Amino acid sequence: MTHTVGFIYAHPDDETFGCACLIRSLADQGVSAALLTATSGEAGKTGRLGPMSREELAARRERELAAAGAIMGLADIELLRYPDGQLSSVPRSEVVAKIAAFLNRHRIEVVVTFPEDGISGHPDHIAIHHAVNEAVWSGSCPHVQKLYYNMPLTVPEAEADSVIRLEVAPYWEMKAAALRAHESQILSIERVFGDLQTVPADERMREEAFALVWKRGVHRPAIREHSVLDDLHKDS
């Protein structure tokens, strides 16, 4: 049976920072990975590409996302194109409804998104976190069986949770290529990962980690897993 895993984030590159190895590993197993991105990232910087209008940067970042997605093996990419930096001003009910529609359209069984702090504290990240929670827990997405938070910077604090860890090293060439595809964001990428020539020196960037926070109505289940695909019901 073919499963579908959904990734829901705020900006182009969020998925590559924290989930490139997971996405590629799923694709290699024949599992469909679909991405929903809330904005086009037009409020970001342009790296070494020089000045751009917001419209130009939005178009650029969408192209970069498509390129990175192809490297990672994403089967589908959808963008909501909400204003970058202003997600908290959009009625949450509207965002929740669009997330639920995405989850139902793709019959997504496993969802991955930001933890409570949005990893970096970015307001858009936190807004997506809350909207995804509402969509999943609302009961309006009957195919969803599990919800994970992406925990790349907070693994020590997540020790008590069910945390799946993927070593980056076996996937590093692929992940580095996907990160380079986000050329407009290269300065931010290099601040986090270094020059991309070798596996990052920062130990926190040497793995991707995902905490299971909800499973078929149970919050924070005290179980250990080897894969986000563990124990999926076939009749979802």
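What you see is a predicted model; the values in this text were computed from it and never measured.

**Student:** Just to check I follow, could you spell out the side chain of His125 for this structure?
**Tutor:** Turning to its location among the elements, His125 is positioned in helix H4 (residues 123–137). Under the relative-accessibility criterion, His125 is labelled buried at 8%. Among the polar contacts made by the side chain of His125, one reaches the side chain of His11 at a distance of 3.3 Å. In this structure His125 touches Ala10, His11, Asp14, Phe114, Gly118 and Ser120, once residues within four positions along its chain are discounted.

**Student:** Explain the pairing of strand E7 (residues 207–215) here, please?
**Tutor:** Side chains on a regular strand alternate between the two faces of the sheet. Counting buried positions along E7 gives nine out of nine residues, so the element sits mostly inside the fold. Sheet topology note: the strand E5 (residues 146–150)/E7 ladder contains five bridges and is antiparallel. Bridging from a neighbouring strand, Asn150 pairs with Phe210 of E7. Pairing analysis gives six bridges linking strand E6 (residues 162–167) to E7, with the strands arranged antiparallel. Within the sheet, the bridge partner assigned to Glu167 lies in E7 and is Glu207. Sheet analysis places E7 next to strand E8 (residues 218–219), joined by two bridges and oriented antiparallel. Paired with Trp214 across the bridge in E8 is His219. The antiparallel pairing of E7 with E8 creates a hairpin that spans two residues between the two strands, and Arg216 there sits at a positive phi of about 45°.

**Student:** Quick question: what am I supposed to make of the packing of helix H3 (residues 92–105) against H4 here?
**Tutor:** Helix-helix packing is characterised by the crossing angle of the two axes and by the distance between the axes. Axis separation between H3 and H4 bottoms out at 8 Å; the angle between their running directions is 60°. Taken as axis vectors, H3 and H4 run oblique relative to one another. As H3 runs across H4, the sense of the crossing is right-handed. Listed contacts from H4 to Arg92, Val95, Val96, Ile99, Ala100 and Leu103 of H3 are Ile128, His130, Ala131, Val132, Glu134, Ala135 and Val136.

**Student:** Teacher, can you tell me more about the pattern of salt bridges here?
**Tutor:** A side chain with one charge can pair with a side chain of the opposite charge if their charged atoms come near. The tally for this structure, following the rule as stated, stands at 15 salt bridges. Of the charged contacts in the structure, one is a salt bridge between Arg60 and Glu183, with a shortest N-O distance of 2.6 Å. With Arg60 in helix H2 (residues 54–72) and Glu183 in the loop between helix H5 (172–181) and helix H6 (186–193), the pair connects residues that are 123 residues apart, well separated along the chain. Taking relative accessible area as the criterion, Arg60 reaches 21% and is therefore assigned partly exposed. For Glu183, a relative accessible area of 37% puts it in the partly exposed group. In this structure, Arg204 engages Asp202 in a salt bridge whose closest nitrogen and oxygen atoms are separated by 2.9 Å. Judged by its relative accessible area of 28%, Asp202 falls in the partly exposed class. Several salt bridges converge on common partners, so that one network encompasses Arg60, Glu64 and Glu183.

**Student:** I tried to follow H5 on my own but got confused; where do I start?
**Tutor:** Count 3.6 residues to each turn of an α-helix, and residues three or four apart come out pointing the same way. In terms of burial, H5 is largely enclosed, as seven of its 10 residues are buried. Among the residues making up H5, those that are buried are Trp172, Met174, Lys175, Ala176, Ala178, Leu179 and Ala181. In this structure, the buried residues of H5 make contact with helix H1 (14–28), H2, H6 and E7.

**Student:** Sorry, what's going on with the nonpolar core here?
**Tutor:** By size, the foremost hydrophobic cluster in this structure holds 73 residues, and its most contacted members are Phe7, Ile8, Ile99, Leu103, Val111, Val112 and Ile128. Setting aside anything within four residues of it in sequence, one finds Leu103 in contact with Ile8, Ile108, Val111, Ala135, Val136, Cys141 and Val144.

**Student:** Just to check I follow, could you spell out the layout of surface pockets for this structure?
**Tutor:** Unoccupied space between atoms shows up once a probe the size of one water molecule is rolled over them. Within this model, the largest pocket holds a volume of roughly 580 Å³. In terms of lining residues, the largest pocket is bounded by 26 residues, among which Asp13, Asp14, Phe17, Ser120 and His125 are the most central. The leading source of residues in the lining of the largest pocket is H6, at four residues. Of the residues contributing to the lining of the largest pocket, the split by class is 10 nonpolar, 10 polar and six charged.

Rules used throughout
- Residues numbered from 1 in each chain as written.
- Predicted model: local features only at pLDDT ≥ 70, side-chain atom pairs only at ≥ 80, totals over all residues.
- Heavy atoms only, no water.
- Helix = DSSP H or I, 4+ residues; strand = E, 2+ residues; numbered from the N terminus.
- Buried < 20%, exposed > 50% of the residue type's maximum accessible area, 1.4 Å probe, protein only.
- Polar contact = N/O pair within 3.5 Å; in protein donor to acceptor, adjacent residues only side chain to side chain.
- Contact = heavy atoms within 4.5 Å.
- Pairing = 2+ DSSP bridges.
- Axes fitted to C-alpha atoms, helices over the stretch in contact; angles between N-to-C directions.
- Parallel < 35°, antiparallel > 145°, perpendicular 65-115°, else oblique.
- Left-handed = near helix turned anticlockwise from the far one by under 90°.
- Salt bridge = Lys/Arg side-chain N within 4 Å of Asp/Glu carboxyl O.
- Core = buried A, V, L, I, M, F, W, Y, C linked by side-chain atoms within 4.5 Å.
- 1 Å grid on protein atoms, 1.4 Å probe; cavity = no way out; pocket = protein on both sides within 12 Å on 5 of 7 lines; lining within 4 Å.
- Points joined across faces, edges and corners; volume = space filled by probe spheres on them.
- Nonpolar A, V, L, I, M, F, W, Y, C, P; charged D, E, K, R; others polar.

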